[in-house]
Amino acid sequence: NISYFGTPGPTTLDKGSLTLGRSLDVPRISRYDVDTETPRPEKLVLDFDTTVNSSPIDISGQGNNGTFVNGGASYSAADKAFDFDGSSGLIVSGPLSPVMTGDRICSMSAWFKTTNASTVNQSVMWLGAYSVAGLLVVTVSNGALSISIGNGCNLIISGVIESNQWYHVVGVKAGTGSITSSNFTSAFKLYLNGKPMTGTFGGQARTLNVTTNYLYIGAGSSVGQEPFSGFISNPRLYNVALEASEAKKLYNLGRTGRSMVISDTAVGIGKVPEAQLDVKGTIKGMNMTTCPVFFDAT
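Residues numbered from 1 in each chain as written. Predicted model: local features only at pLDDT ≥ 70, side-chain atom pairs only at ≥ 80, totals over all residues. Heavy atoms only, no water.

Q: Run through the sheet that holds strand β16 (residues 200-203), naming residues and quoting values.
A: The strand order β4-β7-β17-β9-β10-β11-β12-β16 describes an open sheet built from eight strands, whose pairing is antiparallel. Of all the strands in the sheet, the pair left with one neighbour each is β4 (66-69) and β16. Strand after strand, the sheet turns through a mean of 20° between neighbouring axes, direction not considered. (Pairing = 2+ DSSP bridges. Helix = DSSP H or I, 4+ residues; strand = E, 2+ residues; numbered from the N terminus. Axes fitted to C-alpha atoms, helices over the stretch in contact; angles between N-to-C directions.)

Q: So what's going on with helix α2 (residues 244-252)? Which residues, and what values?
A: Regarding α2, the residues found buried are E246, A247 and L250. For α2, the buried positions fall inside an angular range of 105° around the axis, keeping them on one side. Close packing links the buried residues of α2 with β8 (106-114), β13 (167-173), β14 (188-192) and β18 (229-238). In the stretch just after α2, G254 is the one whose phi turns positive, near 85°. (Buried < 20%, exposed > 50% of the residue type's maximum accessible area, 1.4 Å probe, protein only. Arc of directions from axis to C-beta. Contact = heavy atoms within 4.5 Å.)

Q: Would you mind going over the pairing of strand β5 (residues 73-76) in detail, with residue names and values included?
A: Within a regular strand, side chains alternate between the sheet's two faces. Bridge analysis of β5 against strand β6 (residues 81-85) gives four bridges, and the strand direction is antiparallel. Following the sheet pairing, S74 is matched in β6 by D83. The hairpin turn running from β5 into β6, its antiparallel successor, is four residues long, and K80 in that turn takes a positive phi close to 50°.

Q: Which residues make up the environment of E37, and what are the values?
A: When you line up the elements, E37 lands in the loop between β2 (16-17) and β3 (44-47). Each C-alpha atom of the pair E37 and L253 lies 7.2 Å from the other, and the pair is 216 residues apart in sequence.

Q: Describe in detail the packing of aromatic side chains, supporting the description with residues and values.
A: Any pair of aromatic rings gets described here by the distance separating the centres and the angle formed by the planes. For the coordinates displayed, the defined rule picks out ten aromatic pairs. Aromatic side chains Y214 and Y216 sit 6.4 Å apart centroid to centroid with 15° between the ring planes, which places their arrangement in the stacked category. In textbook terms, an aromatic cluster arises when at least three aromatic residues are bridged by ring pairs, as seen for F48, F68, Y75 and F82. Here R255 stacks its cationic end above the ring of W166, 3.8 Å away from the centre of that ring. (Phe/Tyr/Trp six-rings, centres within 6.5 Å; stacked < 30°, edge-to-face > 60°. Lys NZ or Arg CZ within 6 Å of the ring centre and 35° of its normal.)

Q: Any details on unusual backbone geometry? Residues and values, ideally.
A: Residue P95 follows G94 across a cis peptide bond; omega there is 0°. With respect to the helices and strands, P95 occurs in the loop between β7 (90-93) and β8. Cis geometry marks the peptide bond from S97 to P98; its omega dihedral reads 5°. Mapped onto the elements, P98 comes out in the loop between β7 and β8. Backbone geometry places R40, a non-glycine residue, at a positive phi of 40°. Relative to the helices and strands, R40 resides in the loop between β2 and β3. Residue classification places R40 among the partly exposed residues on the basis of a relative accessible area of 25%. Of note in this structure, K80 is not a glycine but carries a positive phi near 50°. With respect to the helices, strands and loops of the structure, K80 is situated in the loop between β5 and β6.

Q: Could you give an account of the environment of Y251, with specific residues and numbers?
A: You can see Y251 is positioned in helix α2. For the pair Y251 and Y191, spaced 60 residues apart in sequence, the C-alpha to C-alpha distance is 9.4 Å. Aside from chain neighbours lying at most four places away, what touches Y251 is W111, H168, N193 and G194.

Q: I'd like to hear about the nonpolar core, residue by residue, with values.
A: Core analysis: the biggest nonpolar cluster contains 41 residues, and F112, L127, L215 and L237 have the highest contact counts within it. For this core, the element with the highest residue contribution is β8, accounting for four residues. Apart from residues no more than four positions distant in its own chain, L215 is found in contact with L46, I91, V92, S93, L96, M108, M125, W126, L127 and L237. (Core = buried A, V, L, I, M, F, W, Y, C linked by side-chain atoms within 4.5 Å.)

What follows is the structure in C-alpha cells.
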C-alpha cells in the first residue's frame, strides 16, 4: 500500500475559520523566566554546554572549541558532564578569542563534583600558563574552595566542599593591579551555589599577568598539573566581572535541562514562508528489491 500525504486547505474550526496570513514574531522561547536567562551572553569568551554536547564545543559564538588532552578526560552521558580521572586528563581551549592575556578582569563559572574533596589542589578552571601568574578556581584539601593568582595570592573558603556532591561556583577577578590583603575582598569574589562567600586572604600580594592565551579545564596546564578528580559541567569564561545577581542567575539555570524539545509541529526561522527548519531523520520502509511494486501497463 502506498499512501500520499499533503497539506489541506484552510482548517475549519468549530467556532470559525483559521487563516494564517502574517508571520508570528516571538521575542524569546525558553523554559526559564526572563530573570534566569544566561547573563551577559555578549561578554562570554567560552561556553561549553554539557547538557547537549558530548565534546567541548563552544556555543558562545567566539569559536573557542576545546580538545580532550592526555586521554584521561571524556564525556559521561549519564552525568551530562566531562569526566576527569584525577591523573593527567584535561580539556584545553585556545588560543582564545578575544585575547585573554595580561592583567584583566574576568569571571569563571562551572558546576563540579569531586570524588575526593581531600585531594590537594584540584584545578577546576585555569586561565593562562601554569605559573605564579595564572588565574584558577580550585578545590583544595579539607574541602576548601579558592580563587587565586598562582598558588600564593588567593581568596580561600574553608570547609565548604564535600566529596560526591554537585556544586556551582563562580569565581570573579573584579580588579586590576596588585591584589593584597587589604583589597582582596573587592578584587576577588567567590559564589557557591549562587551565594556570595566570605573567606580569608592567603599568601602574598601579586598582579595577574596571563602570558599564555589558553584556558585549561580539569587541570592547571596542558601536561595536567594539579588535576581534578571527578566531573565538571557547563564551564564558562567571561571577560567581565559578574555581579552577585548574575552569579545567582547562573546557579538558577541549573546543571541540566537547558534544551527544549519541539515535536509534532513545524518551526519557522526567518521572515518568509520558505524559511523553515528542517529536522534530519530517517525514512523507514520496506526493501523494494525484495517486495517489488507492479503497475498494470494498461
